[in-house]
Amino acid sequence: MFKKITLENGLRILTAPMQGTNTVAILILCGTGSDYETKRENGISHFLEHMFFKGTERRPTPGGLKEELDAMGGISNAFTSHETTGYYIKAGTPYLERGLDILADIYKHSLLEEPEIEKEKQVVVEEMHRNRDDPASDIWRHWERLIYGDQPAGWDVAGDEETVRQFRRDDLHAYFTHQYVAGNTAVVVTGNIDETGVLERVREHFADIRHSPPRTRPAVTGIQTTPQLHPESRKTDQTHVIVGFRGYDAFHPKRYAADLLATVLGGGWSSRMFRRIREELGLAYAVFTDSENFSNRGYLVTYAGVAHENAERATEEILGEYRRIRDAGVREDELARTKDFIKGRMLMALETSNAVASFVGGEEMLTGTPLTAEEVLAKLDAVGAEDIAAVARDRFKPETLNMVVLGPEPDSQKFEAILSRFS
């Protein structure tokens, strides 16, 4: 269970006491990311995340701040997505106050000094290069650009080298001032905690946070009427493919049915894609299906990494599984097994304090209405075989179909022909 309160200034505090752990997790979330950026400042949310570890008024040097983090013997890091930026510390229970003090300090009082900004530009560029050197990771950047195009939903969260290199302190400070405000912030604390004491300490640490309205983001636009393909030529040892469909946002009533559909298709060793693509045909080592929900959009996709000569066959087989489940539906025993699979994975995942913080905080930032694990499982249990079939019929059709293929000179005509045969 967890408790959520909203302070007078709009700051949200979520607490989840846990039994049988010696750790605490503190996660501070800001409702901002690349969805809120202009073209010129694409990547600024991610860059600002880096700069929060470069010193504050009370901790003026990056080295001193890092030493203080390491001295707790815990885990600390940050992340940026399309919709959310987060900063977290997981440490032993005695370090709760120190961890909260550090995170509140960097969240409110980062210096954003020009010399550190200039040094960090190269660090961020190297992070981009690392990610783009990994085709299994980089293909997702091309997938989002394909289905959403040249708008924030289709831009890379990290931006590109050109935009990153032109950032100046005034840009970062203006974005920081407008976005890192009370009403755009949630503080999540989980683990071995005294809930009443934590609430009071968070109140104190964030009493001076700014509280002006944050900027809004543009609506996602674009209409698709036919299958879309993006071939990305790259010298690789495998050909990487993503084949999937536009899906549902996090508020859609069929969200949980879509999650179950994706798990039936490619969520475990007994899933349909794994059995067919890997076990029966031996085409891939890595193959999975996932349903991704943002607050204003979503997609359901299958990824596979295959030998170059097997890419077309794998694509046909993936589409075949989509077609099969759409036309014939899901067996009751298969659905029951999938629900048990999800339940087991969820219960194991939520054994740690940082996982609970991510579970609660992630849904808070996505929908504003986080659910307990029991409530999520109840929603999944309420999904029937016909609900899943309805999602497959609604989504698995040519006008929502998309594909990215990344490898050495992929043959566009052959893949376009395969997609055109899907009906």
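Here, the structure is the one placed above.
What counts, and at which threshold
- Residues numbered from 1 in each chain as written.
- Predicted model: local features only at pLDDT ≥ 70, side-chain atom pairs only at ≥ 80, totals over all residues.
- Heavy atoms only, no water.
- Pairing = 2+ DSSP bridges.
- Helix = DSSP H or I, 4+ residues; strand = E, 2+ residues; numbered from the N terminus.
- Axes fitted to C-alpha atoms, helices over the stretch in contact; angles between N-to-C directions.
- Contact = heavy atoms within 4.5 Å.
- Buried < 20%, exposed > 50% of the residue type's maximum accessible area, 1.4 Å probe, protein only.
- Arc of directions from axis to C-beta.
- Salt bridge = Lys/Arg side-chain N within 4 Å of Asp/Glu carboxyl O.
- Phe/Tyr/Trp six-rings, centres within 6.5 Å; stacked < 30°, edge-to-face > 60°.
- Lys NZ or Arg CZ within 6 Å of the ring centre and 35° of its normal.
- Parallel < 35°, antiparallel > 145°, perpendicular 65-115°, else oblique.
- Nonpolar A, V, L, I, M, F, W, Y, C, P; charged D, E, K, R; others polar.

With that settled, consider the sheet that holds strand S7 (residues 228-233). Neighbouring strands of a sheet are bound in pairs by backbone hydrogen bonds; such pairs are parallel or else antiparallel. Ordered by their spatial adjacency, 5 strands build an open sheet running S7-S11-S8-S10-S9, and the pairing between neighbours is mixed. In this open sheet, the two strands that pair with only one neighbour each are S7 and strand S9 (284-293). Across the sheet, the axes of successive neighbouring strands diverge by a mean angle of 10°, strand direction being ignored. On top of the sheet, helix H5 (residues 135-148) reaches S7, strand S8 (239-246), S9, strand S10 (298-306) and strand S11 (401-407); it is set at about 145° to S11, its chief contact. Helix H16 (residues 412-420) contacts S7 and S11 of the sheet and is inclined by roughly 155° relative to S7.

It is worth spelling out helix H7 (residues 169-179) at this point. Burial in H7 covers these residues: Asp-171, Leu-172, Tyr-175, Phe-176 and Gln-179. In an axial view of H7, the angular spread of the buried residues amounts to 125°, which keeps them on one side of the axis. Buried residues along H7 sit against strand S3 (23-30), helix H1 (44-51), helix H3 (96-109) and helix H4 (114-133).

Turning next to the pairing of S8. Among the 8 residues in S8, 8 count as buried, and that is most of the element. Looking at chain direction, S8 and S10 are connected through 8 bridges and run antiparallel. Among the inter-strand pairings, Ile-242 is bridged to a residue of S10, identified as Tyr-303. In this structure, S8 lies alongside S11, joined through 6 bridges in antiparallel fashion. When the sheet's bridge partners are listed, Gly-244 is paired in S11 with Asn-402.

One non-glycine residue, Leu-112, lies in the positive phi region at around 55°. Mapped onto the secondary structure, Leu-112 falls in the loop between H3 and H4. You can call Leu-112 buried: its relative accessible area is 2%. Positive phi outside glycine occurs at Glu-409, with the angle close to 45°. Along the chain, Glu-409 falls in the loop between S11 and H16. You can call Glu-409 exposed: its relative accessible area is 68%.

Turning to the pattern of salt bridges, a few remarks are in order. Counted according to the given criterion, the structure contains 39 salt bridges. Between Lys-3 and Glu-195 there is a salt bridge, with its nearest N and O atoms 3.9 Å apart. With Lys-3 in strand S1 (residues 3-6) and Glu-195 in helix H8 (residues 195-205), this pair connects stretches of sequence that are 192 residues apart. For Lys-3, a relative accessible area of 38% gives the class partly exposed. For Arg-40, the salt bridge identified is with Asp-171, shortest N-O distance 3.4 Å. A residue pair is termed long-range when its members are at least 10 positions apart, and Arg-40 in the loop between S3 and H1 and Asp-171 in helix H7 qualify at 131 residues. Overall, Arg-40 belongs to the partly exposed group, its relative accessible area being 47%.

Overall, the coordinates contain 19 aromatic pairs when judged by the stated rule. Relative to Phe-176, the ring of Phe-52 has its centre 5.6 Å away and its plane inclined at 90°; by these criteria the two rings are edge-to-face. In this pair, Phe-52 is assigned in the loop between H1 and helix H2 (62-70) and Phe-176 in helix H7, connecting sequence segments 124 residues apart. Grouping residues by exposure puts Phe-52 and Phe-176 together as buried. Between Trp-143 and Tyr-299 the ring centres are 5.7 Å apart and the planes differ by 75°, which places this aromatic pair in the edge-to-face class. In this pair, Trp-143 is assigned in helix H5 and Tyr-299 in strand S10, connecting sequence segments 156 residues apart. With a relative accessible area of 0%, Trp-143 lands in the buried category. In textbook terms, an aromatic cluster arises when at least three aromatic residues are bridged by ring pairs, as seen for Phe-52, Phe-53, Tyr-87, Tyr-107, Phe-176, Tyr-180 and Phe-206. The residue whose ring lies beneath Lys-108 is Phe-206, and the NZ or CZ to ring-centre distance is 5.8 Å. Over the aromatic face of Tyr-148 sits the side chain of Arg-297, whose NZ or CZ is 5.3 Å from the ring centroid.

It is worth spelling out the sheet that holds S1 at this point. Spatially, 6 strands are ordered S1-S2-S6-S3-S5-S4 in an open sheet, and the strand pairing comes out mixed. Whereas interior strands pair on both sides, the edge strands pair on one side only; in this sheet they are S1 and strand S4 (75-80). With strand direction ignored, the average angle separating the axes of adjacent strands in the sheet is 15°. The sheet strands contacting H1 are S4 and strand S5 (85-92), and the helix crosses S4 at an angle near 160°.

Two elements, S4 and S5, share 6 bridges in a ladder whose sense is antiparallel. In the sheet register, Ser-76 faces S5, and the bridge partner there is Ile-89. Hairpin geometry of S4 and S5 is characterised by an intervening segment of 4 residues between the two adjacent antiparallel strands.

As a packed pair, helix H12 (residues 332-349) and helix H14 (residues 373-381) sit with axes 11 Å apart at the nearest point and diverge in direction by 170°. One finds that H12 runs roughly antiparallel with respect to H14. Contacts from Lys-339, Ile-342, Lys-343 and Met-346 in H12 reach Ala-373, Val-376, Leu-377, Leu-380 and Asp-381 in H14. Here the contact of H12 with H14 is composed, by residue class, of 6 nonpolar, no polar and 3 charged.

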